Amino acid sequence: MNYSEDGLAEELPQQKFACGLDETWLGVTIHDMGFLNVLLRAHPDWSTVLELGTSNGVTALLLGLAMRCRSGELVTFDRADYRPYAVRLGWLDNMRHHVCDLLSGPPYEGVAAEIARSAACLLLCDNGNKPEEIIRYAPLLRPGDGLVVHDWRPVYRAGVEMSPEQVPAFITEHPETWVPEQWDVASLIGTGFRAWVRR
């Protein structure tokens, strides 16, 4: 990629970061990434991760690297491009970023198209209204696909977090179809994720 073509080269003199990424960009912990890595390794057939809610893109970078190691893709969606220069500089060729509105109007067709073109996928809900994202996009998943929610808490707190009572009924009332992932207990202890596999 020629970074000068999309303005990245011009930004370089203005950048003042030392070594690595600014810690304020890190929306996930090392335990979170460990959980996602274990989840991906348990499902080698997942060829694509679809992330709803890019934010600054650090989680996407880490997942994109994991997917590149297995010849897979990371596709991420958000209503604007919030990625700082350092993240865009590290963006890999197996990663795609879509600017779109996931929550207004009908479900965004791009998510359905990406699910359809993947052999199998993991849908990561990490936007501002996770229950609504699940209602809109989880029904598009096929048997064998995965669903994971970030900012999971056992008890709901106001904000972008999600808790058990917010999980849509079509998941909680059909455990034979929406199976809690076998590593799910780890997500409740050390990380902020909850995961299911559609059967």
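What counts and how
- Residues numbered from 1 in each chain as written.
- Predicted model: local features only at pLDDT ≥ 70, side-chain atom pairs only at ≥ 80, totals over all residues.
- Heavy atoms only, no water.
- Phe/Tyr/Trp six-rings, centres within 6.5 Å; stacked < 30°, edge-to-face > 60°.
- Helix = DSSP H or I, 4+ residues; strand = E, 2+ residues; numbered from the N terminus.
- Buried < 20%, exposed > 50% of the residue type's maximum accessible area, 1.4 Å probe, protein only.
- Axes fitted to C-alpha atoms, helices over the stretch in contact; angles between N-to-C directions.
- Parallel < 35°, antiparallel > 145°, perpendicular 65-115°, else oblique.
- Left-handed = near helix turned anticlockwise from the far one by under 90°.
- Contact = heavy atoms within 4.5 Å.
- Nonpolar A, V, L, I, M, F, W, Y, C, P; charged D, E, K, R; others polar.
- pLDDT = per-residue confidence, 0-100.
- Core = buried A, V, L, I, M, F, W, Y, C linked by side-chain atoms within 4.5 Å.

A. Broad picture of the packing of aromatic side chains. In this structure the tally under the stated criterion is three aromatic pairs. Seen from their ring centres, Phe-35 and Phe-193 are 5.7 Å apart, and the 20 degrees between their planes marks the pair as stacked. One end of the pair, Phe-35, is in helix 2 (residues 30-42); the other, Phe-193, is in strand 7 (residues 193-198), and 158 residues separate them in sequence. Look at Phe-35 and you get buried, because its relative accessible area is 5%.

B. Molecular detail of the packing of helix 2 against helix 3 (residues 58-68). Running from amino to carboxyl end, helix 2 crosses helix 3 at an angle of 25 degrees, the nearest separation of the two axes being 11 Å. The pairing of helix 2 with helix 3 is recorded here as roughly parallel in orientation. Remark: the crossing between helix 2 and helix 3 carries right-handed chirality. Contact residues: helix 2 offers Met-33, Leu-36 and Leu-40, while helix 3 offers Leu-62, Leu-63, Ala-66 and Met-67. Here the contact of helix 2 with helix 3 is built from residues that sort into seven nonpolar, no polar and no charged.

C. Up close: the confidence of the model for the protein. Per-residue confidence for the protein gives a mean pLDDT of 83, with 77% of residues at or over 70. Within the model, pLDDT remains below 50 along residues 1-19, and this stretch shows 16 contacts once partners closer than five positions in the same chain are excluded.

D. Just the nonpolar core, in detail. Within the largest apolar cluster, 24 residues are counted, with the highest numbers of intra-cluster contacts made by Leu-63 and Val-148. Every element with two or more residues in this core is listed here: helix 2, helix 3, strand 4 (121-125) and strand 7. Judged by nonpolar contacts, the second largest core, of 23 residues, contains Ile-115, Leu-141, Leu-147 and Trp-152.

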